[in-house]
Amino acid sequence: MVQSYLRHGPTQAFGLICSSTSNSLYDGKLAYVPALEDVLVWDMKKGKWYADSIPSFALSMWHETGHRSEVTCICRSPQENTFAVGYADGSVRLWNSAFISVIATFNGHQKSVTALAFDAQGARLASGSQDTDIIVWDVVAEAGLYRLRGHRNQITAIRFLSEPELPSTSTGLRSHILLTTSKDTFMKLWDTSTQHCVQTIVAHRSEVSCLDIDPEKHFIFTGSNEGEVKAWRMDHESLSQGLVENEAGEVAKMIHPVTSLPLSSRHRVSQILFHPLQPFLAVQSHDRSIEVFRVRTEEEIRKKQARRKKRAKEKGKSNKKGKDIDDVVEDAVDDDQEINVIDLFTPYLVVRASAKVRSFDFGSKEVTSKPGVQLFVALSSNALEVYNIPPPTKSKEETPEATRMFSVDLPGHRTDVRTLCLSADDQILASASNGSLKLWNLKTTACIRTIDCGYAICSTFLPGDRHIAVGTKSGEILIYDLASSALTETVKAHSSTVWSLHVRPDEQVLASGSADKEVKFWEFERNVSSNDESMAINHTRTLKMSDEVLFVRYSPNGKLLAVALLDSTVKIFYQDTLKFFLSLYGHKLPVLAMDISDDSKLIVTCSADKNVKIWGLDFGDCHKSIFAHEESVMQVLFERKSHYFWTVGKDKMLKYWDGDKFENIQKLDGHHSEIWALAVSNHAKFVVTGSHDKSIRIWEKLDEPLFLEEERERELEQIYEDGIANGLNRPDISINNNEADAQPSGEAAAVTKQTSETLMAGERMMEALDLADAERTAFQEYEGQVAQAGSLEAAGMQPPPRNPILAAYDLEPEAYVLRVVEKISSAALHDALLVLPFDKVILLMRYLDLWAQKGWNISLVSRILFFLLKIHHHQIVANRVMRTALIPLRVHLRKSLRHEKDAIGYNLVALQHLRRRTEAERTAQFYEEEDFDEEKVRAKIAEGKKRKRVSIKV
């Protein structure tokens, strides 16, 4: 009988407000922030997750099941409720914020996505990555258009350049110029119509870190790692003409350097951002501060120069020397004639945040009645803030200062989660970090208490679950009352760090182990009053050790006390007399944690040497030593009433083990940094982990059975599939296996990336082709035999049995193949077609002919056909057999496309007719309701036309 276990799976992740892996967006009310592999939407005014009238708590999170890569970039589309999110695995997902669902997934980059940008219509998306490539995606067709190569380091920013002088009704191609910056110090201009670089500029002496364009589309601002901000002027005439030589025979440049913007600090410029509506420019060049510049117009500069000229004349009149008057007036005239770009940007104020700033954004929709501009700041300390920038005033005496309006910081820790503990009924979780102790309701994952504390190292609930004891780095034990959220007692317990606390099973004594080489025992003293019950601890005994104490643990039967020391040994004592019983030695590095099973027969220890050892408590013999993690093993805990135990390590993994068979049952990955803390349910229903990434995750026991053999097979299959995909995605592997194309040449290339999804889609397509071809061959043979046989023999011949799959779906072979192809996502279709060998391509061509002949999904047929002709052009041209297949395909496809074109044209004309009719009916209804006569109606129409003409001219 094969033993089965119950599988565990991730169910909740909380304690994270925002992570520092990506930029954040803000629209004046809602903040869209990264949270490791998810995107959270916060209502900044209410300070809670936003679900838009949906009561479900989980719908506030953009989460895709099974996806573990971190969010690295977020970009808003001009299309309503559409966002592009880039991830560390190189994928880009389009999210619909209204329905909280993925619209499309794009796979093309080999490394994490670092920059995203939509064009003015939101129809195209450009993505840049650490792999130095830029990919332009067609959002409507959900496919990659082309890949641009030219940069030699990570892409830092991307923008589509649109020409401001083009009216919105222009039919010309807009946003055909792409502007990119990279860590290779270059800024490049790309013409998307020719897919080539038209200008390369050495922007800075060091890495170009950020980029933004002013709302009028006249200037480009770039920032570097040296703390320098440069301004560049766009020549829109050259941009519209393209590469054209001037009279001197030189190619006209499209971007020209102008000046540098002086900053108050010379640190790395992390972000530059213009307000979309108000005249403000914000620059982050320091960890904690953001400089805000006021953008003045030329008219304001002229007025300022006129005032200066007036004051100069008045000053000159008071001076008796005429020569001085002439000099002053000449200076004023010079000022009046020349306006520098640097004069347009004047320092306004500095916003100083409470912690290191990761990113910021202006609120595009001002929803508050308070005058000014909102500046949203995402901090690296797991917090969000919104500051109000006051409007400019004429008074020179009042210095403008930014005020903090909203902040979100309570639902998460500022620093690493160092310790976790659960109440006896598994209802409340306590987590502690450097500076705060938080209590969480595990049913709702809401933070119900936040209490200030020191640098917490360990914690435990005290008997009754009304108090919590916290051991700190300074050697104190802090006792907190949960009902009042107050610190009731501070005990200077040790002279150095308190590494461990544990309550004796009879709930009478608390043991503490410290780096001062002592284990101290404290008895509980309960003071019951009429209003409340308080608890205090009194020191009773001290056990001095030979080295620093790292961990203490009582056995569940209350007879033994285990003490882990810095010398890599574990000493076992009788807890009543404190007499020495056993010494467990075998670890090469100190034991960081340990636990004893409920039957007090096994003790498991974990160490910084990456090993877990299982010992017997009867004789101290080592049952098994297991290489458990790739890094130090930080915590180990037994599951209640069993010999199964859990371990966590610095390798970001949570692992489940069988202590009797010494088998690894399950590996769970979800955290993105070292796991410091672990807590196991008292009823063996779930596990809680806390990490350096500031998140707390719950892993619940499911009803799904788990078999070790199947689990190992699944792990091997995953490794095999990843290996195949990675091998196919190597840059030296050509699509067509042609050595001439093996080296990437040219600036433009195709967008391809094989994943396990595309490989499986290609295999499904091949299986469908084989199945349909076998079915068609069998029926063709049957029909041939019927034709050759006589009428009596033919009547007695039975047709071959249909394939069970085709019979179940009640489909013809060609319809079944089309069904399989249609189920492949649009973004993965091209990569799936690359998996097909050439003989399957020839077979697929026959089915394309059948689909075109019957008029089935002509757009899909055309897309597949043109892609196959492009990829396999050399082989198709060299193969004479293909001519007989392609000629009828061309005839049938042209006929079907002509029919589709006629249908689209007819529908378009009908829709235009319906629009004109609706507008006419609405106009007539309006004038009837207003009771206008014919003359007034004509006058109103003429007035409306006049207004329309004036608005277009402006």
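Look up: the structure comes first, before these words.
Residues numbered from 1 in each chain as written. Predicted model: local features only at pLDDT ≥ 70, side-chain atom pairs only at ≥ 80, totals over all residues. Heavy atoms only, no water.

Enquirer: Please clarify how empty space enclosed by the protein should be interpreted in this entry.
Expert: Counted under the stated rule, the structure contains two cavities of 30 Å³ or more. Of the voids in this model, the largest cavity is the one considered here, and its volume is about 90 Å³. Contributing to the lining of the largest cavity are 13 residues, with Ala13, Leu16, Ala35, Asp38 and Met61 lying nearest its centre. Of all the secondary-structure elements, those providing two or more residues to the lining of the largest cavity are β1 (5-14) and β4 (38-43). Residue composition of the lining of the largest cavity, by class: eight nonpolar, two polar and three charged. (1 Å grid on protein atoms, 1.4 Å probe; cavity = no way out; pocket = protein on both sides within 12 Å on 5 of 7 lines; lining within 4 Å. Points joined across faces, edges and corners; volume = space filled by probe spheres on them. Helix = DSSP H or I, 4+ residues; strand = E, 2+ residues; numbered from the N terminus. Nonpolar A, V, L, I, M, F, W, Y, C, P; charged D, E, K, R; others polar.)

Enquirer: Quick question: what am I supposed to make of the sheet that holds strand β57 (residues 748-749) here?
Expert: Strand pairing in a sheet is mediated by backbone hydrogen bonds. Such pairs are either parallel or antiparallel. In space, the five strands of this open sheet follow the order β11-β12-β13-β14-β57, with antiparallel pairing throughout. Where the open sheet ends on each side, the last strands, each with one partner, are β11 (113-118) and β57. Taken together, the five bridges between β11 and strand β12 (residues 124-129) define a ladder with antiparallel strand orientation. The residue bridging Ala117 from the neighbouring strand is Ala126, located in β12. (Pairing = 2+ DSSP bridges.)

Enquirer: So what exactly am I meant to see when it comes to the side chain of Lys613 here?
Expert: Looking at the element boundaries, Lys613 is found in strand β48 (residues 611-616). With no salt bridge to any partner, buried Lys613 finds its closest opposite charge in Asp609, at an N-O distance of 5.9 Å. A distance of 2.9 Å separates polar atoms of two side chains, one belonging to Lys613 and the other to Ser625. Not counting residues up to four positions away in its chain, the partners in contact with Lys613 are Gly586, His587, Ile603, Val604, Thr605, Cys622, Lys624 and Ser625. (Buried < 20%, exposed > 50% of the residue type's maximum accessible area, 1.4 Å probe, protein only. Lys, Arg positive; Asp, Glu negative; His and termini not counted. Salt bridge = Lys/Arg side-chain N within 4 Å of Asp/Glu carboxyl O. Polar contact = N/O pair within 3.5 Å; in protein donor to acceptor, adjacent residues only side chain to side chain. Contact = heavy atoms within 4.5 Å.)

Enquirer: Please clarify how helix α5 (residues 756-788) should be interpreted in this entry.
Expert: It helps to recall that an α-helix has 3.6 residues per turn; residues three or four apart then point in one direction. Between its terminal C-alpha atoms α5 stretches 48 Å, which fits the 48 Å expected from 33 residues at 1.5 Å a residue. Here α5 has its buried residues at Thr758, Leu759, Ala761, Gly762, Met765, Met766, Ala768, Leu769, Leu771, Ala772, Glu775 and Tyr782. (Expected span 1.5 Å × (residues − 1).)

Enquirer: How do you make sense of the nonpolar core when you look at a structure like this?
Expert: Generally speaking, nonpolar side chains in soluble globular proteins are found buried as a group. By size, the foremost hydrophobic cluster in this structure holds 37 residues, and its most contacted members are Leu833, Leu844, Met845, Leu848, Trp851 and Ile864. Of all the secondary structure elements, the ones that give two or more residues to this core are α5, α8 (813-822), α9 (829-835), α10 (838-854), α11 (858-871) and α13 (881-930). With ten residues, the single largest contributor to this core is α10. Ignoring any residue separated from it by four or fewer positions in sequence, one finds Trp851 in contact with Glu814, Val817, Leu818, Val821, Leu844, Trp856, Ile858 and Val861. (Core = buried A, V, L, I, M, F, W, Y, C linked by side-chain atoms within 4.5 Å.)

Enquirer: Please explain the sheet that holds strand β22 (residues 255-261) as it appears in this structure.
Expert: Judged by pairing direction, the sheet is antiparallel, and its four strands sit side by side in the order β19-β20-β21-β22 without closing on themselves. Two strands in the sheet have a free side with no partner beyond their single neighbour: β19 (208-213) and β22. Mean inter-strand twist for the sheet, computed between neighbouring axes without regard to direction, equals 25°. In terms of strand pairing, β19 meets strand β20 (residues 219-224) through five bridges, oriented antiparallel. Of the residues in β20, the one forming a bridge with Cys210 is Gly223. (Axes fitted to C-alpha atoms, helices over the stretch in contact; angles between N-to-C directions.)

Enquirer: Is there a simple way to explain the pairing of strand β8 (residues 82-87) in this structure?
Expert: Looking down a regular strand, the side chains alternate between one sheet face and the other. Counting buried residues in β8 gives six out of six residues, a clear majority hidden from the surface. In the sheet, strand β7 (residues 71-76) pairs with β8 via five bridges, with the strands oriented antiparallel. Directly across from Val71, in β8, lies its bridge partner Tyr87. In sequence, β7 turns back onto β8 through a hairpin of five residues, with Asn81 there showing a positive phi of about 65°. In the sheet, β8 pairs with strand β9 (residues 91-96) via five bridges, with the strands oriented antiparallel. Paired with Ala84 across the strands is Leu94, a residue of β9. Connecting β8 to the antiparallel partner β9 that follows it, the hairpin turn spans three residues, and Gly90 within it adopts a positive phi of roughly 90°.

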